[in-house]
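Summary of the model geometry
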Amino acid sequence: MTYSVAVSGASGYAGGEILRILAAHPDVEIRTVTAHSNAGQPLIQHQPHLRSLAHLTLQETTADVLAGHDVVFLALPHGQSGRFTEALADTPLVIDAGADHRLEAVAEWDRFYGGDFHDPWVYGVPELVVGAGKQRDRLVGATRIAAPGCNASTVSLSLAPGVAAGVIDPSDIVTVLAVGPSGAGKSLKTNLLASEILGSANPYAVGGTHRHIPEIRQALAAARPLVAGRAPVAEPVEAAPADAGIRISFTPVIVPMARGILATSSAPIVPGVSDEQIRAAWQTAYGDETFVHLLPTGEFPRTADVLGANTALMGLAIDRAANRVVVVTAVDNLVKGTAGAAIQSMNLALGLPEGRALTVNGVAP
Ligand SMILES: NC(=O)c1ccc[n+]([C@@H]2O[C@H](COP(=O)([O-])OP(=O)(O)OC[C@H]3O[C@@H](n4cnc5c(N)ncnc54)[C@H](OP(=O)(O)O)[C@@H]3O)[C@@H](O)[C@H]2O)c1
């Protein structure tokens, strides 16, 4: 069977990357691409690297244009996806790359985003440890999927194994991320001009304001409650995930590379846990995964090694002097952080081989 697909936000970075991967997917036909201010123009004018899709024209992003496909990808600014929910009720599979359907707690949405709250959809990070299982179990046969925030999934993948196994204390997580400006989208912003970022590292959303914080708390709260054979580190989740005793200091720094995230995340070691138990937590979680790799002891990843790949590369250090586990993870924000996760989730939802059209190999140098 060939699935007909519509991609909205097709003139943007996330939409463009979804199209790049789907163009090599043998089971889909990209039938419709839509945009907003650039509607009416040839796709190739905005995505000149997508030569095989040069025949497509950007249409208006309306419910009528998006309806009638087997799969619809929404790659719109947050707040724009929710309005299509009802109109696409008959669409078998809708995947939102934006934030509108990621958060479960209304209070978190109000605090970090604001505007109308929309129901949470199945979170599109298949490898994420969820209690005793993996998030992929929930994605099989899903009809509505919320693809992750790129920074959020990077940090959640980095720490979920340790939280689930009860070897790190999630109440004192510190993460600092070097991020490329493509994570902020293609629209013009003064602070993202080349003259502002070239030769400079620029912190932003410092001090607990970044919108990916509640998403990480939610993912790590889901990792924790079903620990097999081990008591959770803190109290069980009673209220919203935000109240689950998971505290994160999160600091992103824009650096001059178009793509990529290098997240350095750390948390205290739970007393009495051995080095072997710590490493085993990550090995158990990712040893059989195709797209998430734990590097050998002493090795740490570079963003250059994952560009264009659906791969998360992870290095783990145990700093006994600081009593912290340190995890360094590299992803391509547009692939593993967005489009790759969305298409991996689509494959699971449709019952296709999970890795179809996705590559573990990066582009180097
Ligand atoms: N960039 C990343 O690394 C990344 C990672 C994870 C998730 N995401 C999410 O993906 C979504 C898209 O991000 P992006 O980085 O691709 O942004 P972007 O490059 O700025 O693209 C935004 C797209 O949305 C369209 N658009 C803008 N306003 C619209 C409206 N009112 N109605 C309909 N379409 C509208 C734009 O069309 P025109 O160009 O025609 O105006 C463009 O195609 C966001 O929700 C973002 O959070 C992005």
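Before reading on, note that the structure itself is shown above.
Residues numbered from 1 in each chain as written. Predicted model: local features only at pLDDT ≥ 70, side-chain atom pairs only at ≥ 80, totals over all residues. Heavy atoms only, no water.

This part is about the overall build of the protein chain. What the protein chain contains, in helices and strands, is 10 helices and 16 strands. Scaling as 2.2 N^0.38, a compact globule of 365 residues should have a C-alpha radius of gyration of about 21 Å, and the protein chain matches this with 20 Å. By principal-axis analysis of the C-alpha atoms, the protein chain measures approximately 60 × 45 × 35 Å. By residue count, 54% of the 365 residues in the protein chain fall in the buried class. Accessible surface computed for the protein chain: about 14700 Å², of which carbon and sulfur atoms make up 53%. Computing the positive centroid from 24 side-chain charges and the negative centroid from 33, the protein chain places the two 4 Å apart. (Helix = DSSP H or I, 4+ residues; strand = E, 2+ residues; numbered from the N terminus. Rg over C-alpha atoms; globule rule 2.2 N^0.38 Å. Buried < 20%, exposed > 50% of the residue type's maximum accessible area, 1.4 Å probe, protein only. Areas by Shrake-Rupley, 256 points an atom, 1.4 Å probe, with all protein chains shown as cover. Lys, Arg positive; Asp, Glu negative; His and termini not counted. Charge placed at Lys NZ, Arg CZ, Asp CG, Glu CD.)

In this section: the nonpolar core. Ranked by size, the top nonpolar core spans 53 residues in total, and within it Ile168, Leu220, Ile278, Trp282, Met314 and Val325 carry the most contacts. Broken down by element, the residue count for this core peaks at 8 residues, all from helix H6 (residues 150–165). Residues within four places of valine 325 in sequence aside, it is in contact with Ile168, Ser265, Ser266, Ala267, Ile269, Ile278, Trp282, Leu316 and Ala317. (Core = buried A, V, L, I, M, F, W, Y, C linked by side-chain atoms within 4.5 Å. Contact = heavy atoms within 4.5 Å.)

Taken together, 31 residues surround the ligand, and among them Ser11, Ala14, Ser37, Leu76 and Thr338 come closest. Asparagine 38 is positioned with one of its backbone polar atoms (N or O) 2.8 Å from an oxygen atom of the ligand. Note that a nitrogen atom of the ligand is positioned 3.1 Å from one of the side-chain N or O atoms of arginine 83. Burial of the ligand by the surrounding chains reaches 85%, relative to a free accessible area of 900 Å². Sorting the residues of the shell around the ligand by element identifies helix H1 (13–22) and helix H10 (335–350) as the ones contributing at least two each. Its residues assigned to classes, the shell around the ligand shows 11 nonpolar, 17 polar and 3 charged. (Near = heavy atom within 4 Å. Polar contact = N/O pair within 3.5 Å; in protein donor to acceptor, adjacent residues only side chain to side chain. Nonpolar A, V, L, I, M, F, W, Y, C, P; charged D, E, K, R; others polar.)

Looking at the element boundaries, serine 265 is found in strand S13 (residues 261–268). Looking at serine 265, its side chain comes within polar contact range of the side chain of threonine 175, at 2.9 Å. Ignoring sequence-local partners within four residues, the contact set of serine 265 consists of Val155, Ser158, Leu159, Val174, Thr175, Val325, Val326 and Val327.

All right, on to the sheet that holds strand S11 (residues 202–203) then. If you walk across this open sheet you meet the 7 strands as S11-S12-S10-S13-S16-S15-S14, and the pairing is mixed. The sheet is open, and its two edges are formed by S11 and strand S14 (292–294), each paired on a single side. Looking at chain direction, strand S15 (residues 312–319) and strand S16 (residues 324–331) are connected through 7 bridges and run antiparallel. For alanine 317, the partnering residue across the bridge sits in S16 and is valine 326. Each of strand S10 (173–179) and strand S12 (248–254) is contacted by helix H8 (residues 213–223), which is oriented at about 130° to S12, the strand it contacts most. (Pairing = 2+ DSSP bridges. Axes fitted to C-alpha atoms, helices over the stretch in contact; angles between N-to-C directions.)

Turning to unusual backbone geometry, a few remarks are in order. Here the residue pair alanine 364 and proline 365 is connected by a cis peptide bond, since its omega of -5° sits within 30 degrees of zero. If you trace the backbone, proline 365 turns up in the segment after H10. In this structure, alanine 205 takes a positive phi of about 45° despite not being glycine. Here alanine 205 lies in the loop between S11 and H8. In the Ramachandran plot, asparagine 323 falls in the positive-phi region, its phi being about 55° despite a non-glycine side chain. Position of asparagine 323 among the secondary structure elements: in the loop between S15 and S16.

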